[in-house]
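As a plain string of letters, each chain reads:
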Amino acid sequence: MMKNINLSPEIESRLSIISQKIGLGEDELIVEAIINYSEDFEDIKDAQERLLNPPDHYLSLEEVEKELSLRLNFR
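Keep in mind that this is a model prediction, so the values were computed, not measured.

So, how was this worked out
- Residues numbered from 1 in each chain as written.
- Predicted model: local features only at pLDDT ≥ 70, side-chain atom pairs only at ≥ 80, totals over all residues.
- Heavy atoms only, no water.
- Helix = DSSP H or I, 4+ residues; strand = E, 2+ residues; numbered from the N terminus.
- Expected span 1.5 Å × (residues − 1).
- pLDDT = per-residue confidence, 0-100.
- Salt bridge = Lys/Arg side-chain N within 4 Å of Asp/Glu carboxyl O.
- Buried < 20%, exposed > 50% of the residue type's maximum accessible area, 1.4 Å probe, protein only.
- Phe/Tyr/Trp six-rings, centres within 6.5 Å; stacked < 30°, edge-to-face > 60°.

A.B. asks: Now, about helix α1 (residues 9-22): what can you tell me, with residues and values included?
C.D. replies: With 14 residues, α1 should reach 20 Å at 1.5 Å per residue; the first-to-last C-alpha distance of 20 Å fits that figure. After α1 finishes, the residue G23 shows a positive phi value of roughly 75 degrees.

What follows is the structure, given as C-alpha cells:
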C-alpha cells in the first residue's frame, strides 16, 4: 500500500540527515519509525490497562523462584 505524506522542510531535512547517518533509505527510515512508534504505543496502552485492572495476586520473589525452579542470589 502506498501512502503520501506532506513533510515540512525542517522534517525533510532531519529525515535526510538521519537517513544518511544510519545508512537507511528515507522510506525505510519512515517505516521503521512507524513500526517503533506503533510498538511503543501498544506497550503504553497495555501498561495503562494493567494499571487500571491490576491482577488479583502478585507473585513474591520466592514464588517466582519456586515456579521457575531457580535460586537467585540477590540477598
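There's more to say after this.
A.B. asks: So what's going on with the confidence of the model for the chain? Which residues, and what values?
C.D. replies: Put simply, the chain has an average pLDDT of 91, and 93% of its residues get 70 or more. Highest mean pLDDT in the chain belongs to α1 (97); lowest belongs to helix α3 (residues 61-68) (86).

A.B. asks: Please give an account of the pattern of salt bridges that cites residues and values.
C.D. replies: Per the counting criterion, the structure on display carries one salt bridge. One salt bridge connects E10 with R14, and the closest N-O pair in it is separated by 3.9 Å. Placement of both E10 and R14 in helix α1 is noted, with a separation of four residues, approximately one turn of the helix. A residue is classified by how much of its surface remains accessible, and E10, at 53% relative accessible area, is exposed.

A.B. asks: Any details on the packing of aromatic side chains? Residues and values, ideally.
C.D. replies: With the rule as written, the count across this model stands at one aromatic pair. For the pair Y37 and F41, a centre-to-centre distance of 6.4 Å together with 20 degrees between the ring planes defines the contact as stacked. A residue pair is termed a helical-turn pair when its members lie 3 or 4 positions apart in one helix, as Y37 and F41 do in helix α2 (residues 26-52) at four residues. Owing to a relative accessible area of 59%, Y37 belongs among the exposed residues under this scheme.

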